[in-house]
Amino acid sequence: MDVKKIYMDADALLEGHFKLSSGNHSQFYLQSAKVLEDPKTAKTLAVALAKEIQSSGLKIDTVCAPALGGLIAGFALATALDVRSIFAERVEGEMQIRRGFEIKKGERVLMCEDIITTGGSAMEAARVVASLGGVIVGVAALANRGFCKRENSDITTKANCKLPQDIPFFALEDFTFEMYSPDLCPLCKDGSEAMKPGSRGN
Ligand code: ZN
C-alpha cells in the first residue's frame, strides 16, 4: 500500500513553511484528518495496520486513543481488530480517562494515534491507562514521523523518542522530513514567514 500517495491524494501532505506545535519550522505538514475524512480510506488504512498487528501475534483487549488527533484512527483500528475502543482526553492540560470508561486490572491496551512524532501524548495517556490497571502492550499509528523505530522499518530511534523500547510500535509508513529551530530555518532565511497549519481559517 502506498501510504504517501494516499496522503498526497487527500491533500494531507502539505508543502509550504509551517510552524509546528513544538515551535520548530518545517517545509512539510501531515494533516491526517484530511485522509480520515473519507471513511473508506480510514477503513483501508486501519485494516492494513490491523493485519500487521495481528501477524505479530500481539494479543489486545482494547485500543485507546489520546484525543483528539487519534480518535478516528483509534476507532477504525479497534473496528478492524474487533476489540473495544476507548479514548483519553485532556482536561485543563491533564490527560484523563472519562466518559464512564472502565479498565480492568491486567486489560491489554494498545495506544493508537494518527501520527507518532515523539510519542509524548500517547505515553501521557498510556500512564493514565496504566494507573487504572491497564497493561500497555504496544503503540500504533497510521504514520510515523521518523523519531521512533517502528516494527519492520530500519530507521533508528532518535534521542527524543518517548515510546518505551520494550513494547512494539506499529505504523504503516515513515514520513521523515527535516525540522528546524526558527533561528536556523532555511525557509525563514529565504524570507518567507512560517504559518501555523490551518491558520487560514480552515
Ligand atoms: Zn522558518
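What counts, and where the lines are drawn
Residues numbered from 1 in each chain as written. Predicted model: local features only at pLDDT ≥ 70, side-chain atom pairs only at ≥ 80, totals over all residues. Heavy atoms only, no water. Pairing = 2+ DSSP bridges. Helix = DSSP H or I, 4+ residues; strand = E, 2+ residues; numbered from the N terminus. Phe/Tyr/Trp six-rings, centres within 6.5 Å; stacked < 30°, edge-to-face > 60°. Lys NZ or Arg CZ within 6 Å of the ring centre and 35° of its normal. Donors = N, O, S within 2.8 Å, 3.2 Å for Na, K, Ca; no water. Tetrahedral: all angles 85-135°; square planar, octahedral: opposite > 155°, others 65-115°. Buried < 20%, exposed > 50% of the residue type's maximum accessible area, 1.4 Å probe, protein only. Disulfide = S-S within 2.5 Å.

## With respect to the sheet that holds strand 1 (residues 13–19)
Part 1 of the argument: Taken together, three strands build an open sheet; the order of strands is 1-2-9 and the sheet is antiparallel. Single-partner strands in this sheet number two, and they are strand 1 and strand 9 (179–180).
Part 2 of the argument: In the sheet, strand 2 (residues 25–30) pairs with strand 9 via two bridges, with the strands oriented antiparallel. Considered in strand 9, the bridge of H25 is made with Y180.

## Overview of the packing of aromatic side chains
Part 1 of the argument: Under the defined criterion, the tally for this structure stands at four aromatic pairs.
Part 2 of the argument: With a centroid separation of 5.3 Å and an interplanar angle of 40°, the aromatic rings of F28 and F177 are classed as tilted. A residue pair is termed long-range when its members are at least 10 positions apart, and F28 in strand 2 and F177 in the loop between strand 8 (169–174) and strand 9 qualify at 149 residues.
Part 3 of the argument: Taking NZ or CZ as reference, K4 lies 5.4 Å from the ring centre of F175, over its face.

## A word on the coordination of the zinc ion
Part 1 of the argument: At 2.1 to 2.4 Å from the zinc ion lie its protein donor atoms, namely H17 (NE2), H25 (ND1), C185 (SG) and C188 (SG).
Part 2 of the argument: Here the zinc ion binds four donor atoms, and the angle range of 95 to 120° at the metal identifies the geometry as tetrahedral.
Part 3 of the argument: Of note, the donors binding the zinc ion are all from one chain and are spaced H-x7-H-x159-C-x2-C.
Part 4 of the argument: A relative accessible area of 8% places H17 in the buried class.

## Let's talk about the state of the cysteines
Part 1 of the argument: Going through the model one piece at a time under the given rule, you end up with one disulfide.
Part 2 of the argument: For C148, the disulfide goes to C161, at an S-S distance of 2.1 Å. Across the disulfide from C148 to C161, rotation about the S-S bond amounts to roughly 110°, and the bridge is consequently right-handed. With C148 in the loop between strand 7 (135–144) and strand 8 and C161 in the loop between strand 7 and strand 8, this pair connects stretches of sequence that are 13 residues apart. Residue C148 shares its accessibility class with C161, and that shared class is buried.

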